[in-house]
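# Residue-level structure breakdown
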Amino acid sequence: MALAPEPQSPDSLGLDAPDLRLAPPPLQRTAAFDDLLAELADDGRLVHVENVPERGERFAGLRRPLPDLIAGSIDEAPLWTHQVTAIDLARDGTNVVVATGTASGKSRCFQLPIAEAVNDPIKPGTALVLYPTKALAHDQLRALTALDFPNLVAGAYDGDATPEEKAWVRDNANVLLTNPEMLHGGLLPRHQKWDALLMRLRYVVIDELHVLRGIFGTHVAHILRRLRRICRHYGSDPTFIFCSATIGEPARLASALCGAPVTAVTDDGSPAGPRRFALLDPPVVDEATGARSSANSECASVAAALVESGHRTITFCRSRKGTELVAADIARRLPAELEDSVMPYRAGYLAEERRAIEHELFGGNLRGVVSTSALELGVDIGGLDACVMNGFPGTIASMWQQAGRAGRSSAASVTVLVGGDDQLDRYLMAHPEEVFSRPPEPCVVNTANPYIRNPHLACAAYELPISYDDLRFWTDEELHDGVRDLVSLDDLRMRRRWRNGTEEPFAHWCGTGYPSRGISLRSGSSGEVRIIDHHTDRLIGTVDEARAHSAVHEGAIYLHRGQSFEVLTLDLVEREARVVDADGGEYTQARSNTDIRVLDVEESRAVGAARLHLGSVEVITQVTGYQLRESRSRKILGNETLDLPEQRLVTRAFWYTVDAETVAEGSTDVGGTLHAAEHAAIGLLPLFTICDRWDVGGVSTANHPDTGGPTIFVYDGYPGGAGIAELGWEAGERHLAATADVIDACGCADGCPSCVQSPKCGNGNEPLDKDGASRLLRAVLATAATG
């Protein structure tokens, strides 16, 4: 099979244009993939092929049969073992999280208990189903409606609904499908209007659990606590059912979100077809710099070959712009009669555009789609044969979620992961066994974060006065500290009341308006900077206030939905950046000075020749200028200065301290050694926690005044922290070992983006000593091995 063929006319081959809905039989597709692998192996790009065996299905029966009214509404197919376990637990009132593979029927785990609850002859129940996006909620609404359960009336309550539709849903629905934003700002502050739903609430379903991590997850954790206390007020105590892709420690995350014990169901009883999983590494084109051929081009080449051989293929890219570029490249490589059979799909498209693409995919009229992570979530797009990933998606959990989009319904499938330039990709290409043996990473939230906790306690007080009874939802420290802070700001006022024969204190809201309106659930800061088109006054987007200095400073090139804009002005008082179109040929990288101060050391332990610490820090950053670079060559076109105020961030961090002698033994450039180790460590951190390198920051110094010696700090990039520092602390030696491995495996001479350079470095990646960082890490780890 020819790889990446140039466009050919079907007439020149004497062929009629094919019916795009007809694909070659499985054996023919398998042979075509074998030919592709052989070609990749011949030129050295094929790193590894893993043959994942078929998994048989396992069935079981419910402990208590479903009522005839419900059983008669579903097909005759028996339930898989994990579905039975989850349904039995939920019916018993046990909070449960189902964390199984893609297309394993997780929806059935809550659909059947809900259908039974609404038909309870003694006390009919209601249900609340939360999705992270409106699109997913509407998908489930269609699915529930299609099942046609008796007496089940489902309705979607979101920002797209008209006032009349919202009123109808409130008055008629016994199953409410919504998202965290609407629960937070629409339902809970007006809970009196929802009393009929809340007093009979039997189940709360949280789908796509793995999305609820970090800052967003921490917000949702407080919203669910507020929901539980409102339910208690109305006399209900709902059971929580969580559904998730395969992640590490799902019960830990689910329990942290709802504030109650949760039982995990992870033994997947659904069938899975055989999967062939190939790792492809683009060849090095410059030995000195370590530069490789374009991952975009490699990805398009493989995807085009798969599409032409009859594989219905999904290709995942990291950016919106990447999806457009790769989709166009795939079309260019295909024969003329197939070039319209591949479409890009990403956030930013109109809802009707996305639905049309989903419909074409589901119906088999498209042979390929190129997507961002928008299709990683559970939108049903039918059966696909192949998945191509343009770079490691950041976590093992996301990788398997994306791979699982192909081979649904137990069919055979193929997956190709094309290695990218950054540290994670380099590590996994050098250690292919880790791709398939490494367990999925855990997700975390941080409910103690005062910058998120306090606004939600204000919302809770608005909804109902806060009392000692709320210690069942928040810890004593969280509740006491939060109420104290809010009283000091005159947002809450303390009063006393008689209750059950005892006088007790309570706190009530004394501010104005709805406190929920000032909270953005998707960010850790309370303010956002609006990005405005200078000529039309059109709102292009927003950026967190904390990131505005580095992302939309005057002269910055800002990328939004694949379109480049140049920032003309940044007004920090009005929180507004005005921009004009840019041609995309250049990009900017902010330069900054960063200082860090240790506020509190909570834990400390030895990791080889270093000591690892965990605690609170204050980060003081000032953006001082920026570099203008050419997009293709990364050549510096200019250096500009800026005059912006300092920013202060109180957050969580872990940090390593090392003896000065140990650092000096490996390098005369102590600063460059520590700086290189810091960059590589940040790049590898997502191997141990589901996060992005942009979620964290770092500072390294040869002699920090608070530690008395050479120190490498890695801090959480959000005010108060999102739980990332705690997982970095837990990873310790494993994290350092992976960092050393990726530096040693890189063949560049002096450092590159695949090992010690960082795309977000405020010092322009200067100074860096790659060899010194390798020797330092090996010296630290050698002591750990002998100790």
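Just so you know, these numbers come straight off a predicted model, no measurement behind them.

So, about the environment of Val307. When you line up the elements, Val307 lands in helix H11 (residues 295–308). When near neighbours in sequence (up to four residues on either side) are disregarded, Val307 contacts Thr313, Leu334, Ser341, Val342, Arg367 and Gly368.

What follows covers a negative patch on the surface. Taken together, the side chains of Glu566, Asp583, Glu586 and Glu630 define an acidic patch exposed on the protein surface. Residue placement: Glu566 occurs in strand E24 (residues 563–571). Given a relative accessible area of 34%, Glu566 falls into the partly exposed group.

What follows covers the nonpolar core. If you look at the biggest cluster of nonpolar residues, it comprises 62 residues, and the most contacted ones within it are Phe277, Leu417, Phe654 and Leu687. Sort the elements by how many residues they give to this core and helix H22 (residues 724–745) lands first, with nine residues. Setting aside residues up to four positions removed in sequence, Leu417 forms contacts with Phe277, Ala278, Leu279, Leu280, Met389, Gly391, Phe392, Met399 and Met429. Judged by nonpolar contacts, the second largest core, of 45 residues, contains Leu198, Leu212, Leu224 and Phe240.

A sheet is described by the order of its strands in space; here seven strands give the open sequence E6-E7-E5-E8-E9-E4-E10, paired in parallel fashion. Among the strands making up the open sheet, the edge pair consists of strand E6 (154–156) and strand E10 (263–265). Averaged over all pairs of adjacent strands, the angle between strand axes in this sheet comes to 15°, irrespective of strand direction. Relative to strand E8 (residues 201–206), strand E5 (residues 126–130) is paired through five bridges, and the arrangement is parallel. Bridge pairing in E8 places Leu128 opposite Val204. In the packing of helix H4 (residues 108–118) onto the sheet, the strands contacted are strand E4 (96–99), E5, strand E7 (175–178), E8 and strand E9 (239–244), and the crossing angle to E8 comes to about 165°.

Right, let's talk about empty space enclosed by the protein for a bit. Tallied over the entire structure, the rule returns two cavities of 30 Å³ or more. Estimated volume of the largest cavity: approximately 110 Å³. Along its surface, the largest cavity is lined by 13 residues, and Tyr656, Ala677, Ile712, Leu736 and Leu777 are the ones closest to its centre. Split by residue class, the lining of the largest cavity holds 12 nonpolar, one polar and no charged. Considering only enclosed or pocket space, the second largest cavity measures out at about 40 Å³ in volume. Every residue along the wall of the second largest cavity is listed here: Leu130, Tyr131, Pro132, Pro180, Ile206, Asp207, Leu212 and Val220. Across the lining of the second largest cavity, the residue classes tally to seven nonpolar, no polar and one charged.

Residues Tyr451, Leu599 and Val650 make up a contiguous nonpolar surface patch of roughly 240 Å² in combined accessible area. Along the polypeptide, Val650 turns up in strand E29 (residues 647–658). Taking relative accessible area as the criterion, Val650 reaches 31% and is therefore assigned partly exposed.

Pairing between the strands of a sheet comes from backbone hydrogen bonds, and it takes one of two forms, parallel or antiparallel. With mixed pairing, the five strands of this open sheet are ordered in space as E22-E21-E25-E24-E23. Here the strands that pair on one side only, and so sit at the sheet edges, are strand E22 (539–544) and strand E23 (557–560). The sheet shows a mean angle of 35° between the axes of neighbouring strands, taken without regard to direction. Two strands pair when backbone bridges link them, and E24 and strand E25 (residues 576–581) are joined in this way by six bridges, in the antiparallel orientation. Bridge pairing links Phe565 to Asp581 in E25.

This part takes up the confidence of the model for the protein. Averaged over every residue, the pLDDT of the protein is 88; residues scoring 70 or more account for 91%. Across residues 1–25, confidence stays below pLDDT 50; counting only partners more than four residues off in sequence or on other chains, it has 52 contacts.

Counting across every chain of the model gives 40 salt bridges. Notably, a salt bridge pairs Arg484 with Asp485, separated by 3.3 Å at the nearest N-O pair. Owing to a relative accessible area of 22%, Asp485 belongs among the partly exposed residues under this scheme. Linking Glu726 and Arg652 is a salt bridge whose minimum nitrogen-to-oxygen distance equals 2.8 Å.

Structurally, the position occupied by Leu188 is in the loop between helix H7 (180–187) and helix H8 (195–198). Taking relative accessible area as the criterion, Leu188 reaches 0% and is therefore assigned buried. With 12 residues separating them in the primary sequence, Leu188 and Arg200 have C-alpha atoms 15 Å apart. When sequence neighbours within four positions are dropped, the list of residues in contact with Leu188 reads Leu183, Ile223, Arg226, Leu227, Ile230 and Glu463.

Conventions and cut-offs
Residues numbered from 1 in each chain as written. Predicted model: local features only at pLDDT ≥ 70, side-chain atom pairs only at ≥ 80, totals over all residues. Heavy atoms only, no water. Helix = DSSP H or I, 4+ residues; strand = E, 2+ residues; numbered from the N terminus. Contact = heavy atoms within 4.5 Å. Patch = residues over 30% accessible without salt bridge, like charges linked within 9 Å, V, L, I, M, F, W, Y side chains within 5 Å. Areas by Shrake-Rupley, 256 points an atom, 1.4 Å probe, with all protein chains shown as cover. Salt bridge = Lys/Arg side-chain N within 4 Å of Asp/Glu carboxyl O. Lys, Arg positive; Asp, Glu negative; His and termini not counted. Charge placed at Lys NZ, Arg CZ, Asp CG, Glu CD. Buried < 20%, exposed > 50% of the residue type's maximum accessible area, 1.4 Å probe, protein only. Core = buried A, V, L, I, M, F, W, Y, C linked by side-chain atoms within 4.5 Å. Pairing = 2+ DSSP bridges. Axes fitted to C-alpha atoms, helices over the stretch in contact; angles between N-to-C directions. 1 Å grid on protein atoms, 1.4 Å probe; cavity = no way out; pocket = protein on both sides within 12 Å on 5 of 7 lines; lining within 4 Å. Points joined across faces, edges and corners; volume = space filled by probe spheres on them. Nonpolar A, V, L, I, M, F, W, Y, C, P; charged D, E, K, R; others polar. pLDDT = per-residue confidence, 0-100.

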